[in-house]
Structure formats: C-alpha cells, structure tokens
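This is what each chain is made of:
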Amino acid sequence: MIRINENYTKLKASYLFSDIAKRVSAYVAANPSKPIIRLGIGDVTEPLPKVCLDALHAATDEMGARATFKGYGPEQGYAFLRDAIAQHDYAARGCKIESDEIFISDGAKCDCGNIQEIFGADIKLAIPDPVYPVYIDTNVMAGRTGANVDGRYAGVTYLDSTPANGYVPAIPSVATDLIYLCFPNNPTGAVATKAQLAAWVAYAKKNKAIILFDSAYEAYIRDPQIPHSIYEIEGARDVALEFRSFSKTAGFTGTRCAYLVVPKTVMAYDAAGNAHPVHALWNRRHSTKFNGVAYPIQKAAAAIYTDAGKQQTKALIDFYLGNAKLIREAVKSWGFTCTGGDNAPYLWINTGRDSWEFFDLLLNKAQVVCTPGAGFGKCGEGHVRISAFNSRENVETALARIGAALK
Ligand code: MLT
C-alpha cells in the first residue's frame, strides 16, 4: 500500500498565499463590478528593465542559430553570470566570495526550500516569527519540527520579532544548529545592523551552527549603515549561506533567476563529528536535481550589472520605494505605527486588531488585498503586511480607499 509522507499532515491546509488567492477569487466572483487592488503577495508589477529585455531578445536569437545554440548549460550557472555577481555584489562591497561559490537557480524560494535536504533530520532549528512560510513549511515536510501545538511546532526555537525588539529577534538562550535570518525582513521590512548580525555570526560559531541568510530584498536598502550581505560581517564566511534573487531587484518574479552563495569554508558535521564542506554537498544535490536556468534568462540577469543596468534597476527600486513612502505616510495618518518601507518593499502595520478580520475589512470595504500578519506566525497577530509592489496610480487609489474605509 502506497503511503504518504505523514509530515505533510502537520502543515496548515494550504500555503498562505494560495489561501489568500482563494479568498480573493471568491470575493471577485461574488463582486465582479468591484475592481480589486492587490498589495498582498510581493509580486512586482513594472516591466523588465530595458537592458534585461534587450539581453533576453539577443540571447533568444542566439538559441535560434546553429552556431550559437546552447543545450544544457552548467548546472551551477554560466561563468559570465557567476563572475558578474562575485564582482558586483560581493567584491565591490569588500566581501570575498569566489564565482564558484555562487550557484544560480530558478528562485530563492526554491533554494530556501531545498537547502534543508542536505542537513540531518534531527538538527535543531531557529526560525523567526513572523516568518516567510517557506522556511518553516519545508522543515515540517522533512519531519524536523514535531507536531503543531496551538499554532507552533514543538521542536522549533522561535525567534520572536515584536514591537518590543523593533522586529529584530534576540539571540536564543539555547543552542540551535540551523538558523534562518532574513534582512531586510519579509514580512516586517525591518533591517539588521552590523552589530546585530555580528552577534548572530558569533552565536553560530560558538554552536558550530549555520546561518541561512535570506537577502532577497537587499537592493532596497538605502541606509548606508545597513549591511547588504552577511559576508560584510567578519567570520561569516565560515558559518553562513546567503540567498539572493533577481525577482525583486529586477522584476524577475515571472522570468525566475536567483542564486545561493555557499562559501567553501562552511562546514557541517557527521555523527562522528567529522567536518564536511557544505559546498560539496550542495553541489552534489544541485547537479543531481537541477539542470540550470535557461541561457537567455541568465543573460538577462547579467545585464543588470552593466552601467545602464545598474541605473535602470535603481530607478525601478526607487519607484517601488516611492510607493512605500506614500504608504508609510498614509499609515501614520490612519493612526497606526509601522516598520519597513524605508529599506524594504514591505510595510508591517501594527493595527492591534485581529489580522484576518482586518484583511477582510480591507477586502470588503476597500477592495484592497493585504496579507494578514497571523499568516506569517503567532507574532504576526495584530499586524498586516502591505506591499509596495504596484503602479503609483493603484497605490494612491488603494490608500484613498483604505483611508475612507477606516473612517
Ligand atoms: C511574498 O509576498 O512574501 C513574496 O512573494 C514571497 C516570495 O518571493 O516568494
């Protein structure tokens, strides 16, 4: 008899954003004349930068000619892209990352979800709350979390992010093995200082642990004091992997391209305490289960590192940050406090009200979709997340509608 992986029964019935999409579809079906504005899922709305589009067209033409056609590429990504990343995202910030420590993939979501496979089934996890659901759900699927009791998994050390700590969690008092951190944070938009990250690196070293640092929103950082990469912290090369994405930086949510940095100096241990380079394990996993991102997509991604590409992506991000500023101002005028929106595309609004009720209020009274904080974890209760990804016109209309609905 074929059996299921029973760990799946410990999950919430559906993935947060699928759940929201279902509720919104039901509303739209019942109210076809009321146009919806989506500020829920963090999906970009502006077209690809011109440099990316030109590179995509040119590379597609190459695929159509015998002399330049390409079949399977290297599973880890083409050298032209890995070299550009090493130079522009790391060397330029004083971080020592080699090209062959960069693995190109089809998304940071996939990387975040897949990485846990190479670690033991009985390791101890430290996971933020609120959290990007992928970190926790993929560990539930792998059987690492124990049962869900009152909305929390018994075997997880939760890193509470609350108004009291400015949504930057404290170092746990217990030892853990695998620590998920995300800055600028999804969902809170909070950022971490160098000193805060240095404390995490020291904790990981002390416990022979690994930090999984999700830096998918780093391009939104405007405060020059805030680090863009965990590798700006001394010693991080020994204990941290970093996830990055072209999705929110250059509008690649639909085209798919991201990368994972695995320094050769990061070690994990077998039961006898022998050290194994995580780079070799990940390379084995990646080349066994993945065949590389499409050549034209990698060409389009590499185009963001040209001078014109840098200008165009900066303009794109400035545009979304302009939306975020309007949202911040409006949130204040509604009498709520919020974090994010200055170095991140998300605003985390402390409404003090039940978050699904607030979601329903915005949907029913303003036809605006947000994300209920409780969907990201217990500490998300009392909050909603509003994303700055939309056209200026839609953001302005949404804010006017919410303002009216809250009166
Ligand atoms: C979100 O809304 O949190 C994002 O879309 C997550 C993602 O990039 O998968």
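Asker: Would you mind showing me how to read the sheet that holds strand E9 (residues 240-245) here?
Answerer: Strands belonging to one sheet form pairs held by backbone hydrogen bonds; the direction of such a pair is parallel or antiparallel. An order of E2-E10-E9-E8-E7-E3-E6 is seen for the 7 strands of this open sheet, with the pairing classed as mixed. Two strands lie at the open edges of the sheet, namely strand E2 (102-105) and strand E6 (156-160), each paired on one side alone. Put simply, the sheet's adjacent strands are angled 20 degrees from each other on average, direction ignored.

Asker: Sorry, what's going on with unusual backbone geometry here?
Answerer: Note on backbone geometry: most residues besides glycine have negative phi, and most peptide bonds are trans. The step from Asp129 to Pro130 runs through a cis peptide bond, and the omega angle for that step is 5 degrees. Assignment of secondary structure puts Pro130 in the loop between strand E3 (125-129) and helix H5 (133-141). With omega at -10 degrees, the peptide bond leading from Phe183 into Pro184 counts as cis. Along the polypeptide, Pro184 turns up in the loop between strand E7 (178-182) and helix H6 (194-206). Positioned with a positive phi, Asp150 is a non-glycine residue whose angle comes to about 55 degrees. The exposure class assigned to Asp150 is exposed, which follows from its relative accessible area of 64%. For Tyr167, which is not a glycine, the phi torsion comes out positive at approximately 65 degrees. You can see Tyr167 is positioned in the loop between E6 and E7.

Asker: Help me understand the sheet that holds strand E16 (residues 371-372) in this model?
Answerer: Reading across from one edge, E13-E14-E17-E16 is the order of the 4 strands in this open sheet, with antiparallel pairing throughout. The open sheet has two edge strands, strand E13 (337-340) and E16, and neither has a second partner. In the sheet, E16 pairs with strand E17 (residues 383-387) via 2 bridges, with the strands oriented antiparallel. The residue of E17 that forms the bridge with Thr371 is Arg385. Lying on the sheet, helix H10 (residues 307-333) is in contact with E13, strand E14 (346-350) and E17; it crosses E13 at an angle near 160 degrees.

Asker: What is the right way to look at the nonpolar core in this model?
Answerer: Nonpolar side chains tend toward joint burial in soluble globular proteins. Core analysis: the largest hydrophobic core is formed by 86 residues, its most contacted members being Ile179 and Phe246. Considering each element in turn, this core owes the most residues, 6 residues, to helix H11 (residues 355-366). Two domains share this core, each providing at least three of its residues, namely domain 1 (6-47 + 308-406) and domain 2 (53-305). Excluding its chain neighbours within four sequence positions, the residues that come into contact with Phe246 are Leu81, Ile85, Gly251, Phe252, Cys257, Ala258, Tyr259, Ala301, Ile304 and Tyr305. Counting residues in hydrophobic clusters, the runner-up holds 31 residues, among them Ile136, Leu178, Val262 and Val278.

Criteria and cut-off values
- Residues numbered from 1 in each chain as written.
- Predicted model: local features only at pLDDT ≥ 70, side-chain atom pairs only at ≥ 80, totals over all residues.
- Heavy atoms only, no water.
- Pairing = 2+ DSSP bridges.
- Helix = DSSP H or I, 4+ residues; strand = E, 2+ residues; numbered from the N terminus.
- Axes fitted to C-alpha atoms, helices over the stretch in contact; angles between N-to-C directions.
- Buried < 20%, exposed > 50% of the residue type's maximum accessible area, 1.4 Å probe, protein only.
- Contact = heavy atoms within 4.5 Å.
- Core = buried A, V, L, I, M, F, W, Y, C linked by side-chain atoms within 4.5 Å.
- Domains from an automatic or database assignment.

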